[in-house]
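The primary structure of each chain is shown beneath.
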Amino acid sequence: MNMRFTLAALLLAIGLSSASAEDWPARPVRVIVPVPPGGAIDIVARLVAGRLADALGQPVIVENRPGARAVTGSEAVARSLADGHTLLVSSDALTIMPYVERKLGFEVPGSFAPVSLLATQPLVLAVHPSLPARSVAELIALAKSKPNAFSLGTGALAHYLAAETLQRTAGFEAMHVPYKGGPAAVTDLAGGQLGAALTGQSPMIAYARSGKIRPLAVTTRARSTALPGVPTLAEAGVPGIDLFEWIFMLAPAQTPEAVVARLNAEIARALGSPDVVARLGAGGFEAAPSTPARLEGMIRDSLARWGKLIPELHLKPE
(Lines give C-alpha, C1' and ligand atoms only; values in the text may rest on other atoms or scores of the structure.)
Protein backbone atom coordinates (compact mmCIF):
# COMPACT_ATOMS: atom_id res chain seq x y z
CA MET A 1 0.00 0.00 0.00
CA ASN A 2 2.69 2.48 1.02
CA MET A 3 4.72 1.68 -2.11
CA ARG A 4 1.65 2.26 -4.35
CA PHE A 5 0.92 5.52 -2.57
CA THR A 6 4.49 6.72 -2.96
CA LEU A 7 4.52 5.83 -6.66
CA ALA A 8 1.22 7.64 -7.20
CA ALA A 9 2.54 10.73 -5.43
CA LEU A 10 5.67 10.66 -7.53
CA LEU A 11 3.73 10.38 -10.78
CA LEU A 12 1.46 13.21 -9.67
CA ALA A 13 4.48 15.41 -8.91
CA ILE A 14 5.98 14.66 -12.30
CA GLY A 15 2.70 15.48 -13.97
CA LEU A 16 2.38 18.78 -12.11
CA SER A 17 5.96 19.71 -12.96
CA SER A 18 5.39 18.89 -16.61
CA ALA A 19 2.15 20.83 -16.71
CA SER A 20 3.66 23.89 -15.09
CA ALA A 21 6.45 23.86 -17.65
CA GLU A 22 4.00 23.57 -20.55
CA ASP A 23 1.79 26.37 -19.24
CA TRP A 24 4.64 28.72 -18.33
CA PRO A 25 4.45 31.64 -18.09
CA ALA A 26 0.91 31.78 -16.77
CA ARG A 27 1.24 35.33 -15.39
CA PRO A 28 3.74 38.21 -15.38
CA VAL A 29 7.35 37.26 -14.65
CA ARG A 30 9.31 39.20 -12.04
CA VAL A 31 13.02 39.79 -12.49
CA ILE A 32 14.58 40.82 -9.18
CA VAL A 33 17.65 43.06 -9.36
CA PRO A 34 19.28 43.15 -5.90
CA VAL A 35 20.88 46.60 -6.39
CA PRO A 36 19.52 50.13 -6.95
CA PRO A 37 18.39 51.22 -10.44
CA GLY A 38 20.82 52.75 -12.91
CA GLY A 39 23.79 50.45 -12.46
CA ALA A 40 25.19 47.89 -14.87
CA ILE A 41 23.13 44.96 -13.52
CA ASP A 42 19.93 46.99 -13.75
CA ILE A 43 20.65 48.18 -17.30
CA VAL A 44 21.38 44.66 -18.57
CA ALA A 45 18.36 43.21 -16.74
CA ARG A 46 15.97 45.75 -18.27
CA LEU A 47 17.34 45.24 -21.75
CA VAL A 48 16.92 41.46 -21.52
CA ALA A 49 13.53 41.71 -19.78
CA GLY A 50 12.10 43.77 -22.61
CA ARG A 51 13.06 41.11 -25.15
CA LEU A 52 11.77 38.28 -22.96
CA ALA A 53 8.39 39.99 -22.62
CA ASP A 54 8.04 40.09 -26.40
CA ALA A 55 9.03 36.42 -26.72
CA LEU A 56 6.98 35.04 -23.83
CA GLY A 57 3.77 36.99 -24.35
CA GLN A 58 3.65 38.08 -20.70
CA PRO A 59 4.95 41.20 -18.97
CA VAL A 60 8.46 40.75 -17.57
CA ILE A 61 8.74 43.24 -14.74
CA VAL A 62 12.11 44.32 -13.35
CA GLU A 63 11.94 44.96 -9.62
CA ASN A 64 14.87 46.59 -7.85
CA ARG A 65 15.18 45.20 -4.34
CA PRO A 66 18.46 46.52 -2.89
CA GLY A 67 19.61 46.07 0.67
CA ALA A 68 22.25 44.37 2.78
CA ARG A 69 24.80 44.51 -0.05
CA ALA A 70 22.53 42.71 -2.51
CA VAL A 71 21.63 39.96 -0.04
CA THR A 72 17.99 41.04 0.39
CA GLY A 73 16.95 40.66 -3.23
CA SER A 74 18.98 37.50 -3.74
CA GLU A 75 17.39 35.83 -0.73
CA ALA A 76 13.91 36.83 -1.92
CA VAL A 77 14.45 34.88 -5.14
CA ALA A 78 16.02 31.91 -3.36
CA ARG A 79 12.87 31.65 -1.21
CA SER A 80 10.40 32.14 -4.08
CA LEU A 81 8.28 29.43 -5.69
CA ALA A 82 10.32 27.48 -8.21
CA ASP A 83 7.81 27.96 -11.02
CA GLY A 84 9.75 30.29 -13.31
CA HIS A 85 7.79 33.41 -12.41
CA THR A 86 10.49 34.93 -10.19
CA LEU A 87 14.05 35.29 -11.47
CA LEU A 88 17.27 36.93 -10.33
CA VAL A 89 19.72 38.98 -12.37
CA SER A 90 22.96 39.31 -10.44
CA SER A 91 26.71 39.58 -10.91
CA ASP A 92 29.84 37.70 -9.92
CA ALA A 93 29.64 39.55 -6.58
CA LEU A 94 27.19 36.78 -5.60
CA THR A 95 30.16 34.37 -5.45
CA ILE A 96 31.84 36.57 -2.84
CA MET A 97 28.85 36.72 -0.48
CA PRO A 98 29.41 33.32 1.21
CA TYR A 99 32.79 34.52 2.49
CA VAL A 100 31.94 38.03 3.66
CA GLU A 101 28.35 37.82 4.94
CA ARG A 102 27.88 36.51 8.46
CA LYS A 103 24.24 35.51 7.94
CA LEU A 104 23.26 34.34 4.51
CA GLY A 105 19.79 32.83 4.18
CA PHE A 106 20.63 30.91 1.02
CA GLU A 107 23.40 28.83 -0.55
CA VAL A 108 25.49 29.65 -3.61
CA PRO A 109 24.88 27.94 -5.97
CA GLY A 110 22.66 25.41 -4.16
CA SER A 111 19.65 27.69 -3.71
CA PHE A 112 19.52 28.61 -7.39
CA ALA A 113 19.09 27.05 -10.83
CA PRO A 114 21.52 28.62 -13.34
CA VAL A 115 19.75 29.96 -16.44
CA SER A 116 22.29 31.87 -18.56
CA LEU A 117 25.21 34.24 -18.56
CA LEU A 118 24.02 37.58 -19.98
CA ALA A 119 26.92 39.98 -20.41
CA THR A 120 30.55 40.55 -19.49
CA GLN A 121 32.94 43.46 -19.30
CA PRO A 122 36.67 43.59 -18.54
CA LEU A 123 38.18 45.45 -15.63
CA VAL A 124 40.51 48.25 -16.64
CA LEU A 125 43.66 49.42 -14.87
CA ALA A 126 44.03 53.14 -15.52
CA VAL A 127 46.04 56.07 -14.16
CA HIS A 128 45.67 59.84 -14.03
CA PRO A 129 47.74 61.47 -16.81
CA SER A 130 49.86 63.24 -14.21
CA LEU A 131 51.19 59.93 -12.87
CA PRO A 132 54.58 59.17 -14.48
CA ALA A 133 53.56 55.75 -15.78
CA ARG A 134 52.68 55.10 -19.39
CA SER A 135 52.68 51.31 -19.10
CA VAL A 136 52.01 48.59 -16.56
CA ALA A 137 55.76 47.98 -16.28
CA GLU A 138 56.34 51.65 -15.41
CA LEU A 139 53.49 51.59 -12.90
CA ILE A 140 54.98 48.53 -11.19
CA ALA A 141 58.44 50.14 -11.14
CA LEU A 142 56.94 53.29 -9.60
CA ALA A 143 55.18 51.24 -6.91
CA LYS A 144 58.39 49.38 -6.09
CA SER A 145 60.41 52.60 -5.90
CA LYS A 146 58.77 53.63 -2.62
CA PRO A 147 55.91 52.44 -0.40
CA ASN A 148 52.47 53.80 -1.33
CA ALA A 149 53.85 55.71 -4.31
CA PHE A 150 50.29 56.13 -5.56
CA SER A 151 46.69 55.46 -4.51
CA LEU A 152 44.71 52.70 -6.21
CA GLY A 153 40.95 53.09 -6.17
CA THR A 154 38.45 50.25 -6.61
CA GLY A 155 34.71 50.43 -7.09
CA ALA A 156 33.54 47.22 -5.43
CA LEU A 157 34.76 44.33 -3.34
CA ALA A 158 35.23 42.28 -6.52
CA HIS A 159 37.48 45.04 -7.88
CA TYR A 160 39.49 45.03 -4.68
CA LEU A 161 39.99 41.27 -4.95
CA ALA A 162 41.10 41.73 -8.55
CA ALA A 163 43.52 44.46 -7.46
CA GLU A 164 44.95 42.17 -4.80
CA THR A 165 45.33 39.41 -7.39
CA LEU A 166 47.18 41.81 -9.68
CA GLN A 167 49.47 43.09 -6.95
CA ARG A 168 50.32 39.61 -5.71
CA THR A 169 50.99 38.38 -9.24
CA ALA A 170 53.10 41.40 -10.25
CA GLY A 171 54.81 41.86 -6.87
CA PHE A 172 53.90 45.43 -5.95
CA GLU A 173 51.80 47.31 -3.41
CA ALA A 174 49.71 50.45 -3.66
CA MET A 175 47.59 52.42 -1.21
CA HIS A 176 44.08 51.03 -1.58
CA VAL A 177 41.14 53.45 -1.63
CA PRO A 178 37.71 51.73 -1.71
CA TYR A 179 34.67 53.33 -3.33
CA LYS A 180 31.00 52.44 -3.40
CA GLY A 181 30.83 52.00 -7.13
CA GLY A 182 33.08 52.27 -10.15
CA PRO A 183 31.71 55.61 -11.40
CA ALA A 184 32.74 57.38 -8.18
CA ALA A 185 36.25 55.95 -8.36
CA VAL A 186 36.65 56.93 -12.02
CA THR A 187 35.34 60.44 -11.37
CA ASP A 188 38.00 60.95 -8.69
CA LEU A 189 40.64 59.42 -10.96
CA ALA A 190 39.78 61.88 -13.74
CA GLY A 191 39.83 64.70 -11.19
CA GLY A 192 43.28 63.80 -9.92
CA GLN A 193 42.21 62.66 -6.45
CA LEU A 194 43.50 59.17 -7.29
CA GLY A 195 46.70 58.08 -8.94
CA ALA A 196 45.24 54.87 -10.37
CA ALA A 197 42.03 52.85 -10.40
CA LEU A 198 40.89 49.34 -11.23
CA THR A 199 37.18 49.10 -12.02
CA GLY A 200 34.77 47.83 -14.61
CA GLN A 201 35.26 49.22 -18.09
CA SER A 202 31.86 50.88 -18.47
CA PRO A 203 32.48 54.13 -16.52
CA MET A 204 36.01 54.46 -17.94
CA ILE A 205 35.22 54.59 -21.65
CA ALA A 206 34.28 58.26 -22.02
CA TYR A 207 37.13 59.47 -19.78
CA ALA A 208 39.63 57.28 -21.62
CA ARG A 209 38.55 58.53 -25.04
CA SER A 210 38.73 62.17 -23.87
CA GLY A 211 42.23 61.70 -22.45
CA LYS A 212 41.21 62.51 -18.86
CA ILE A 213 42.50 59.11 -17.75
CA ARG A 214 45.15 56.81 -19.21
CA PRO A 215 44.13 53.14 -19.43
CA LEU A 216 47.13 50.82 -19.14
CA ALA A 217 45.63 47.35 -19.43
CA VAL A 218 42.49 45.23 -19.34
CA THR A 219 42.29 42.21 -17.07
CA THR A 220 40.95 39.74 -19.65
CA ARG A 221 42.74 37.33 -21.98
CA ALA A 222 41.57 39.22 -25.05
CA ARG A 223 41.52 42.94 -25.73
CA SER A 224 38.33 44.91 -25.28
CA THR A 225 36.29 45.82 -28.33
CA ALA A 226 35.41 49.15 -26.67
CA LEU A 227 39.07 50.05 -25.98
CA PRO A 228 40.95 48.06 -28.63
CA GLY A 229 44.16 50.05 -28.23
CA VAL A 230 44.57 49.00 -24.60
CA PRO A 231 46.74 45.89 -24.10
CA THR A 232 45.86 42.92 -21.93
CA LEU A 233 47.79 42.38 -18.72
CA ALA A 234 49.55 39.45 -20.39
CA GLU A 235 50.63 41.68 -23.26
CA ALA A 236 51.77 44.23 -20.69
CA GLY A 237 54.02 41.68 -18.98
CA VAL A 238 51.73 40.27 -16.26
CA PRO A 239 50.44 36.88 -17.50
CA GLY A 240 48.07 34.49 -15.78
CA ILE A 241 45.17 36.83 -14.97
CA ASP A 242 41.76 36.59 -16.60
CA LEU A 243 39.22 38.51 -14.51
CA PHE A 244 36.06 40.26 -15.63
CA GLU A 245 32.67 41.32 -14.42
CA TRP A 246 29.82 39.04 -15.42
CA ILE A 247 26.08 39.43 -15.17
CA PHE A 248 23.78 36.44 -15.27
CA MET A 249 20.28 35.13 -14.63
CA LEU A 250 19.29 32.56 -12.00
CA ALA A 251 16.01 30.96 -11.01
CA PRO A 252 15.11 29.37 -7.68
CA ALA A 253 16.44 25.84 -7.25
CA GLN A 254 14.13 23.10 -8.53
CA THR A 255 12.67 25.29 -11.27
CA PRO A 256 11.46 22.86 -13.98
CA GLU A 257 14.16 22.08 -16.52
CA ALA A 258 11.79 22.83 -19.38
CA VAL A 259 11.25 26.35 -18.05
CA VAL A 260 14.99 26.91 -17.68
CA ALA A 261 15.55 25.58 -21.20
CA ARG A 262 12.91 27.92 -22.65
CA LEU A 263 14.38 30.89 -20.81
CA ASN A 264 17.87 29.97 -21.94
CA ALA A 265 16.81 29.73 -25.57
CA GLU A 266 14.96 33.05 -25.54
CA ILE A 267 17.90 34.79 -23.85
CA ALA A 268 20.30 33.43 -26.46
CA ARG A 269 17.99 34.68 -29.20
CA ALA A 270 17.71 38.14 -27.60
CA LEU A 271 21.44 38.50 -27.02
CA GLY A 272 22.10 37.48 -30.60
CA SER A 273 20.14 40.37 -32.10
CA PRO A 274 22.35 43.14 -33.57
CA ASP A 275 20.61 45.99 -31.76
CA VAL A 276 21.02 44.32 -28.35
CA VAL A 277 24.69 43.64 -29.10
CA ALA A 278 25.11 47.29 -30.12
CA ARG A 279 23.34 48.65 -27.03
CA LEU A 280 25.43 46.48 -24.71
CA GLY A 281 28.60 47.44 -26.59
CA ALA A 282 27.85 51.13 -26.22
CA GLY A 283 27.94 50.62 -22.48
CA GLY A 284 31.17 48.66 -22.53
CA PHE A 285 29.57 45.20 -22.27
CA GLU A 286 29.64 42.19 -24.54
CA ALA A 287 26.65 39.92 -24.99
CA ALA A 288 27.59 36.52 -23.62
CA PRO A 289 24.80 33.92 -23.62
CA SER A 290 25.76 30.54 -22.20
CA THR A 291 24.38 27.17 -21.29
CA PRO A 292 23.18 26.69 -17.69
CA ALA A 293 26.03 24.19 -17.20
CA ARG A 294 28.68 26.69 -18.24
CA LEU A 295 27.23 29.33 -15.88
CA GLU A 296 27.23 26.85 -13.01
CA GLY A 297 30.86 26.02 -13.75
CA MET A 298 31.80 29.70 -13.71
CA ILE A 299 30.06 30.17 -10.37
CA ARG A 300 31.86 27.20 -8.82
CA ASP A 301 35.25 28.30 -10.21
CA SER A 302 34.73 31.80 -8.83
CA LEU A 303 33.73 30.44 -5.43
CA ALA A 304 36.91 28.37 -5.35
CA ARG A 305 39.10 31.35 -6.36
CA TRP A 306 37.73 33.75 -3.77
CA GLY A 307 37.48 31.02 -1.14
CA LYS A 308 41.25 30.78 -1.29
CA LEU A 309 42.08 34.50 -1.49
CA ILE A 310 39.62 36.05 0.96
CA PRO A 311 40.87 34.17 4.07
CA GLU A 312 44.43 35.19 3.14
CA LEU A 313 43.31 38.84 3.18
CA HIS A 314 41.72 38.37 6.62
CA LEU A 315 38.42 39.85 5.51
CA LYS A 316 35.93 39.35 8.30
CA PRO A 317 32.26 38.45 7.67
CA GLU A 318 29.88 41.27 8.53
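Before reading on, note that the structure itself is shown above.
Draft legend 1. The pattern of salt bridges, seen in detail. Summed over all chains, the structure comprises 14 salt bridges. With a shortest N-O distance of 3.3 Å, R30 and E63 are connected by a salt bridge. Of the two residues, R30 is situated in strand β1 (residues 29-33) and E63 in strand β2 (residues 60-64); the sequence distance between them amounts to 33 residues. By relative accessible area, R30 is classed as partly exposed at 29%. For E63, a relative accessible area of 24% translates into the label partly exposed. For R79, the salt bridge identified is with E75, shortest N-O distance 2.8 Å.

Draft legend 2. Seen up close, the nonpolar core. Grouped together as the largest cluster of nonpolar side chains are 36 residues, with contacts concentrated most on V136, L139, F150, L161, F172 and V238. Within the residue set of this core, elements represented by two or more residues are β4 (112-127), α5 (136-145), α6 (157-170), β7 (196-200), β8 (214-218) and α11 (292-312). Ranked by the residues each element gives to this core, the list is headed by α6, at seven residues. Contacts of L161, omitting those with residues within four sequence positions, involve I96, W306, L309, I310, L313 and L315.

Draft legend 3. Expanded view of the pairing of β2. As paired strands, β1 and β2 are joined by five bridges and run parallel to one another. Bridge assignment links V33 to a residue of β2, and that residue is N64. Between the parallel elements β1 and β2, the chain passes through helix α2 (residues 40-56) in a crossover that is right-handed.

Conventions adopted
Residues numbered from 1 in each chain as written. Predicted model: local features only at pLDDT ≥ 70, side-chain atom pairs only at ≥ 80, totals over all residues. Heavy atoms only, no water. Salt bridge = Lys/Arg side-chain N within 4 Å of Asp/Glu carboxyl O. Helix = DSSP H or I, 4+ residues; strand = E, 2+ residues; numbered from the N terminus. Buried < 20%, exposed > 50% of the residue type's maximum accessible area, 1.4 Å probe, protein only. Core = buried A, V, L, I, M, F, W, Y, C linked by side-chain atoms within 4.5 Å. Contact = heavy atoms within 4.5 Å. Pairing = 2+ DSSP bridges. Right-handed = clockwise from strand over helix to strand, strands pointing away.

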